[in-house]
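Structural features, examined
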Amino acid sequence: MRNDETIRYGFPHISNFCYKPKNAQPVRLSYQKPFFLTEKYTECPVFQQEKIKRLPQDIRGKNIFRKSLLQENKERINTARKKYINANKKVVIARKKRWYMLNKDKAMENKRRRRAKKLGVNENYSSNDRRITMNEFNHHCFNCNNKKELCVDHHRPLNDGNPLTLSNAVVLCKSCNSSKSTKSPEIFYGAKVAKKLDDKLICIAESYKEKGDSNVRRKS
Ligand SMILES: [Zn+2]
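Now for a description of the structure that goes with this document. Because the structure is predicted, anything quoted here is derived from the model rather than measured.

**Description of the overall build of the chain**
Within the chain one finds eleven helices and two strands. The order of helices and strands in the chain, counted from the N terminus, is α-α-α-α-α-α-α-β-β-α-α-α-α. Across the 220 residues of the chain, 14% fall into the buried class.

Right, dumping it as structure tokens:
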């Protein structure tokens, strides 16, 4: 065992990392040899397993990403984060810009969520819901049939307390969306078209509810 170079590759499960060094890492023979690899290895529960499994609970290392642990150390983590951001402003800004360029949809979604939260409206519209809405509107602006610069936005405005859900999401191009702004559908499209769109949206929400889509159920 002591001189067997292959033994450390025998149990390559994530929870079989060694948590004794400061940064948890896979068992490294040069480090572990003097400390942990002794003649008593036959008593090791991992060694006794026929198949590779997770380590038994009592000897497993702490999961550093466990939610409760993060919660407990929230303040400490936030202070460390602020300190890091202050010391590395340029790097952080460059990283944020790169993320924004690669994840524009996600960024828009986050912005919308923050806006809703500010107004005290609870929104659970997921990226999967967004995909459904886009498909249902055939990737065209509902108002002018444009195919470019599309966005998903509220049918009935958020300012009136309407969260974005499958039954309240419409695909509009950038210019139609900005001219609609916070107008009610009746004022923007006219009563007849607004009614037609209302029916279409109810139909979409109902049909995905029937399919048991978890995202639809969450909206209520
Ligand atoms: Zn349009």
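Past the structure itself, the notes keep going.
**Overview of the nonpolar core**
Counting 15 residues, the largest nonpolar core has Cys141, Phe142, Leu166, Ala169, Val170, Val171 and Leu172 as the members making the most contacts within it. Of all the elements in the fold, those that place two or more residues in this core are β2 (169-173) and α10 (191-210). Per element, the largest residue contribution to this core is four residues, and it comes from β2. Other than its neighbours up to four places away in sequence, Ala169 contacts Tyr125, Asp129, Thr133, Val152, His155 and Leu164.

**Examining unusual backbone geometry**
The phi angle at Asn145 is positive, at roughly 70°, despite the residue not being glycine. Owing to 10 C-beta atoms within 10 Å, Asn145 belongs among the exposed residues under this scheme. One non-glycine residue, Glu149, lies in the positive phi region at around 50°. Tracing the backbone through its elements, the reader meets Glu149 in the loop between α7 (127-136) and β1 (150-154). What makes Glu149 exposed here is the crowd of 12 C-beta atoms within 10 Å.

**Here we look at the pairing of β2**
The element β2 is extensively covered by neighbouring structure, given that four of its five residues are classed as buried. Pairing of β1 with β2 involves five bridges; the strand directions are antiparallel. Of the residues in β2, the one forming a bridge with Leu150 is Cys173.

Criteria and cut-off values
Residues numbered from 1 in each chain as written. Predicted model: local features only at pLDDT ≥ 70, side-chain atom pairs only at ≥ 80, totals over all residues. Helix = DSSP H or I, 4+ residues; strand = E, 2+ residues; numbered from the N terminus. Buried ≥ 20, exposed ≤ 12 C-beta atoms within 10 Å, placed from the backbone. Core = buried A, V, L, I, M, F, W, Y, C linked by C-beta atoms within 7 Å. Contact = placed C-beta atoms within 7 Å. Pairing = 2+ DSSP bridges.

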